[in-house]
Amino acid sequence: MDEESKRNKSTDELRTEIARSRERVGCDLRGLHYELDLPAKLQRSFREQTVSWITAAAAVGTLVVLLPVRKKKIYIDAKSGRKSKMKLLETGFALGALKIAASLVRPVVVEFVRNRLIGVAGQSRRSRRQ
């Protein structure tokens, strides 16, 4: 029965019904936008209740400052401290020796690589010429 009444409606009635439904959807959409606009709500709330916001911020800041900061206690054994100092000293000497060795070996490695690259490049040039 409902389908028959829809078929019998005139185009003007259908247009007005469509316009009303669009208006309802637009109104609902504006309402949703208003409800979801969090920055605007916060600004409005701050304007209306400035003293409350400042009091709450001061309270939170005071709590953060006054909360005791727990300090971590570290216990060091005197014997293990000496061992770690010796290990550190040995590591320092090893790194120094490695640096000296690297600076002495570097020219040899550079010359070796240069000879390899020039040798390969020279062979490819000779093969092109022939």
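Bear in mind that the values here come from a model prediction, so they are computed numbers and not experimental data.

Conventions used here
- Residues numbered from 1 in each chain as written.
- Predicted model: local features only at pLDDT ≥ 70, side-chain atom pairs only at ≥ 80, totals over all residues.
- Heavy atoms only, no water.
- Helix = DSSP H or I, 4+ residues; strand = E, 2+ residues; numbered from the N terminus.
- Buried < 20%, exposed > 50% of the residue type's maximum accessible area, 1.4 Å probe, protein only.
- Areas by Shrake-Rupley, 256 points an atom, 1.4 Å probe, with all protein chains shown as cover.
- Salt bridge = Lys/Arg side-chain N within 4 Å of Asp/Glu carboxyl O.
- Polar contact = N/O pair within 3.5 Å; in protein donor to acceptor, adjacent residues only side chain to side chain.
- pLDDT = per-residue confidence, 0-100.

Participant: Could you give an account of the overall build of the chain, naming the residues involved and the relevant values?
Facilitator: A tally of helices and strands in the chain yields five helices and zero strands. Along the chain, helices and strands appear, N-terminal first, in the series α-α-α-α-α. Looking at the 130 residues of the chain, the share that counts as buried comes to 2%. Put simply, the chain shows about 13200 Å² of open surface, and 62% of that area lies on carbon and sulfur atoms.

Participant: Could you give me a rundown of the pattern of salt bridges, with the residues and numbers involved?
Facilitator: In total, this model carries two salt bridges according to the counting rule given. For Glu35, the salt bridge goes to Lys41, with nearest N and O atoms at 3.4 Å. Residue classification places Glu35 among the partly exposed residues on the basis of a relative accessible area of 47%. Owing to a relative accessible area of 29%, Lys41 belongs among the partly exposed residues under this scheme.

Participant: Help me get a handle on the environment of Thr16, residues and values and all.
Facilitator: Within the fold, Thr16 resides in helix H2 (residues 11-36). A polar contact of 2.7 Å, which involves the side chain of Thr16, links it to the backbone oxygen of Glu13.

Participant: How would you sum up the confidence of the model for the chain? Please name residues and give values.
Facilitator: With 80% of its residues at a pLDDT of 70 or more, the chain has an overall mean of 81. Ranking the elements of the chain by mean pLDDT puts helix H1 (residues 2-8) last with 59 and H2 first with 91.

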